Amino acid sequence: MKKALFIIDVQNDFTEGGALGVEGGAAVAAGISRLLAEHPDAYDLVIASRDWHDPDSDNGGHFALAGSSPDFVNTWPLHCVAGTAGAEYHDDLSADSIDFHVRKGQGRPAYSIYEGTTEEGDTVHQLLDDHAVTEIDVAGLATDYCVRASALDAIEHGRKVRVLTDLVAGVDAASSEAALAELAHAGAELISSQQVEAHGPGAGGDRADDGRADDTLA
Ligand SMILES: [Zn+2]
């Protein structure tokens, strides 16, 4: 059983001070880094997504048109334009721990990490299959949109999914709560990142085949 961590859209524009900053976003960035530092062997694969929109385009109606107000459901203020500071990972997210970087939303709305590809053109589905990943923990931003869509896709693709509820933050409290309830109903397990440690030794049980010592099991 291989495990992956999805880090969804922990970008400057989705954290405090960003174009579409959610409250608690910076704390999510720091919390994910802490989790990975404390449990470097918890995951066989760490995959991070970034919303990565085209400049000079409404990206398929995703950006509110000039002069109209975003509805914060289907249309949004300009955010995460490719190559801008807003599209970069938040500084508190330790990018060193990320094995694969996925970009999504070029010219269109894309909420799920499954809609993106790596720079080499690999889909997330391919990456997970190539690495025989069956279990996925999900953290990041925002609970009620991209975390929700990514976790639902992972469940639909037959993976065992856990959402790290203390390492997500949402646009709206009510819709975030509804999203977590929907995910639980769909089969996701809702856990705290504190519970990841309890699973750590078990997750390391089949790591010998990748050449790493198993002495962390002691
Ligand atoms: Zn977007």
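A quick note: this is a predicted structure, and the numbers were derived from the prediction, not measured.

Trainee: Can you lay out the overall build of the chain for me, pointing to particular residues and giving the numbers?
Mentor: Secondary structure assignment for the chain yields five helices and six strands. Listing each helix as α and each strand as β along the chain from the N terminus yields β-α-β-β-α-β-α-β-α-β-α. Counting all 218 residues of the chain, 44% fall into the buried class. For the chain, the proportion of contacts with a sequence separation of at least 24, taken over those separated by at least 6, is 76%.

Trainee: Give me the nonpolar core: which residues, what numbers.
Mentor: Core analysis: the largest hydrophobic core is formed by 54 residues, its most contacted members being Ile 32, Val 138 and Leu 141. Among the secondary structure elements, those contributing two or more residues to this core are β1 (2–8), α1 (25–38), β2 (45–51), α2 (124–130), β4 (133–141), α3 (143–156), β5 (160–169) and α4 (173–186). For Ile 32, the residues in contact, after removing those within four places along its chain, are Ile 7, Val 10, Leu 93, Ala 139 and Leu 167.

Trainee: Mind laying out α3, listing which residues take part and the relevant values?
Mentor: Along α3, 10 of the 14 residues are buried, which leaves the element largely enclosed by surrounding structure. Among all positions in α3, only Thr 143, Asp 144, Tyr 145, Cys 146, Val 147, Arg 148, Ser 150, Ala 151, Leu 152 and Ala 154 are buried. Turning to α3, the residues buried within the fold contact β1, β4, β5 and α4. Phi turns positive one or two residues past the end of α3, at Gly 158, with a value near 85°.

Trainee: Tell me about the sheet that holds β5, and name the residues and values.
Mentor: Pairing is parallel in the open sheet, where six strands are placed in the order β3-β2-β1-β4-β5-β6. Only two strands of the sheet have a single neighbouring strand rather than two, namely β3 (100–104) and β6 (189–191). Across this sheet, the average inter-strand angle for adjacent strands is 25°, counted without regard to direction. Looking at chain direction, β4 and β5 are connected through six bridges and run parallel. From the neighbouring strand, Val 138 faces β5, where its bridge partner is Val 163. Strands in contact with α1 are β1, β4 and β5; relative to β5, the strand with the most contacts, it is inclined by about 125°.

Trainee: Got a sec to walk through the confidence of the model for the chain? Specific residues and values, please.
Mentor: Looking at the chain, the pLDDT average stands at 91 and 90% of residues meet or exceed 70. Across residues 200–218, where pLDDT falls below 50, the model places 16 contacts with residues more than four positions away in sequence or in other chains.

The rules behind each value
- Numbering of residues starts from 1 in each chain and follows the order in which that chain's sequence is written.
- The model is predicted, so local features are restricted to residues of pLDDT at least 70 and side-chain atom pairs to those at 80 or more, both for listing and for counting; the totals for chains, interfaces and linings are taken over all residues.
- In this text, helices come from DSSP runs of H or I with a minimum length of four residues, and strands from runs of E with a minimum of two, each type numbered from the N-terminal end.
- Here a residue counts as buried when 20 or more other C-beta atoms sit within 10 Å of its C-beta, as exposed when there are 12 or fewer, and as partly exposed otherwise, the C-beta atoms being derived from the backbone.
- A pair of residues counts as a contact when their C-beta atoms, built from backbone coordinates, are within 7 Å of each other.
- To count as a nonpolar core, a set of buried Ala, Val, Leu, Ile, Met, Phe, Trp, Tyr and Cys residues must be joined through C-beta atoms within 7 Å.
- Whether two strands pair comes down to DSSP finding at least two bridges between them.
- An axis is simply a line fitted to the C-alpha atoms; with a helix, the fit covers only the stretch in contact. Between two such axes, the angle follows the N-to-C directions and lies from 0 to 180 degrees.
- The score called pLDDT rates the predictor's confidence residue by residue, from a low of 0 to a high of 100.

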